[in-house]
Amino acid sequence: MKSRQAVRALAGVLLCGAGLWLALPTPYRERTYIINAGGCRLETTIVEKPRGAAKGSVLLFHGISANKKLMSYMARGFAEQGLRVYVPDLAGHGRTPGPFSPARAEQCGEALLRELLSRGAVDPARTILVGHSMGGAIAERIAARVPVAGLIAISPAPMRAAHGVTPEKLLFRDLPELPPNSLVMVGSLELESMRGNAADLVAMRSDGTTKYLEIGGASHVSVLFSSAAMRSAQEWSAHVLHLPPTAALPFHRMLIGALGGFVGILLIAGPFLREAVGKDTKEEETVATGAVISLPRLFVEFAGGSVLIVLLLRFWIPLKRIGLFQGDYLASFVLLLGAALILLHWSSVRVALANSSHHLLVAGSAGIVLLLLSTAWFDLTFYEAWMTTAKWARFPFLLAACLPYHVAEETLLGPVRLGKRWRRLALALTLRLVSWAAMMGGIFLLHNGEILIGLLAAYLALFNIAQRSGMDMVRTETGSAAAAGLFGAILQSGFWLVIFPLT
């Protein structure tokens, strides 16, 4: 290993160590149980301060594609007030088994509240329901049926077609009346469709018991980690439950540690990949050079193919049975586009496959190791990313769906040339952006309702940058389009299984 790579790896190890030191210690008592309620087996974490009797309870619901660990900052903020906080993984999320649908998530959330009430674990007069995004809508809907002390809906998912929201984008289509003692919060950086629908919830009730609040500088996700949002939520719960004011806010150690450690993993990944797959590959690079096609043709094929596939998916989603909520649409899109590109360029792909067989095992092993390392890190610190048995059972099918596209993409991009690596990376990301734009066109023009592709856009973008950089590194070291494609398909499959709910 070269000295520069050794320094980079050492820096990565130090960042991971610092990340663990920041993320893991907690002054809170956190216990996790599986609670059977209404046919749902909800893995639920209870967060509270270690000493003193609880002054009330909070039932905290996460949003779609999230999980209970992502809600830790909010949970700890309520625990600072002496409240006992129940945070479940809703159906199909985190470690709670599926199937997921918005209606089932709501049914399981209500069943959990009724189970806690029947056990005497919570007092309705001393309980607040809190939720974010889909969880905010669920909290509101449950509070309209089960009397509780109050409600805090954070960026609640719209429940009526207004402010640019069309019916197919709604998770719930019947809007209940906002219950008394309700606070509705949104980030000022959120779309007008979210802010407008949230403001309408409060405007529909004019008895003075509800409040609408915008948190400056906060987006749909960052509002969960906003000190201003947490302070407002604490003030509302203190008002509703008649608690003494508190000045304590939880620290952001967990978030800082999780992100710092992940940067460390990315630093380690480079030297690891070079050591794992590096070989002399000049002969294979020469063969692969013939796979490059002109840029105009490349863009025409990606754009035209993407549009045609979006039109086809309007009528038929071949991977519907794979059981990922709206991830089945994305997997089907990638499978069909990859198959089309391979058919168009079969001779080039066949050459790439014939000259790559001895690299596949090494690249595949490296992909699995990085997938396990990344998911273990996030699961330990910030987000429940460690895959359950049900998710691993889907992994081979997703891998088979992703592989054609990634191999075709690598073949058409050609080898990584000296001094042009960043240009190649930008080209690959631009081609993926073209495909994403076609899928977004399906949402806005064809009204197909696959809203998660838009809601998760920022995470999809960050993942694609990291994944494509790793694929370029594998291609550089092996000269093998198939090896780089397999590596990328493994990471892609794992990422989808982490972020899409199981149905």
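That block above? That's the structure.
How each quantity is defined
- Residues numbered from 1 in each chain as written.
- Predicted model: local features only at pLDDT ≥ 70, side-chain atom pairs only at ≥ 80, totals over all residues.
- Heavy atoms only, no water.
- 1 Å grid on protein atoms, 1.4 Å probe; cavity = no way out; pocket = protein on both sides within 12 Å on 5 of 7 lines; lining within 4 Å.
- Points joined across faces, edges and corners; volume = space filled by probe spheres on them.
- Helix = DSSP H or I, 4+ residues; strand = E, 2+ residues; numbered from the N terminus.
- Nonpolar A, V, L, I, M, F, W, Y, C, P; charged D, E, K, R; others polar.
- Buried < 20%, exposed > 50% of the residue type's maximum accessible area, 1.4 Å probe, protein only.
- Pairing = 2+ DSSP bridges.
- Right-handed = clockwise from strand over helix to strand, strands pointing away.
- Salt bridge = Lys/Arg side-chain N within 4 Å of Asp/Glu carboxyl O.

> How should I be thinking about the layout of surface pockets in this particular structure?
It is a probe the size of a water molecule, rolled over the atoms, that shows where empty space is left. Computed from the structure, the second largest pocket encloses a volume of approximately 450 Å³. Lining the second largest pocket are 22 residues; nearest its centre among them are Arg432, Leu433, Trp436, Leu460 and Asn464. Of all elements in the fold, only helix H10 (327–344), helix H13 (389–413), helix H14 (421–444), helix H16 (457–478) and helix H17 (481–499) reach the threshold of two or more residues within the lining of the second largest pocket. Counted by class, the lining of the second largest pocket contains 17 nonpolar, four polar and one charged residues.

> Whenever I open this one, the pairing of strand S6 (residues 150–154) confuses me. Can you help?
Moving residue by residue along a regular strand, the side chains alternate between the two faces of the sheet. Most of S6 is tucked away, with five of its five residues classed as buried. Taking every second residue as pointing to the same face, both faces of S6 are buried, with Gly150, Ile152 and Ile154 on one and Leu151 and Ala153 on the other. Here strand S5 (residues 127–132) runs beside S6; their pairing, made up of five bridges, is parallel. Looking at S6, one finds that valine 130 is bridged to isoleucine 152. Handedness of the crossover joining S5 and S6 through helix H4 (residues 134–143): right-handed. Sheet topology places S6 next to strand S7 (residues 182–187); four bridges connect them, and they run parallel. If you follow alanine 153 over to S7, its bridge partner there is valine 184.

> Looking at this model, I keep getting lost on the pattern of salt bridges. Mind explaining?
Pairs can form between side chains of opposite charge once their charged atoms are near each other. Scanning all chains against the criterion turns up 28 salt bridges. One salt bridge in this structure joins arginine 145 and glutamate 106, with 2.7 Å as the shortest N-O distance. Placement of arginine 145 in the loop between H4 and S6 and of glutamate 106 in helix H3 (residues 102–119) is noted, with a sequence separation of 39 residues between them. The class of arginine 145 is partly exposed, set by a relative accessible area of 40%. We note a salt bridge from arginine 424 to glutamate 410, for which the minimum N-O separation is 2.8 Å. In this pair, arginine 424 sits in helix H14 while glutamate 410 sits in helix H13, placing the two residues 14 residues apart along the sequence. Accessibility expressed as a relative area gives 5% for arginine 424, which makes it buried. What emerges from the salt-bridge pattern is a single network uniting Glu409, Glu410, Arg424, Arg432, Arg468, Asp472 and Arg475.

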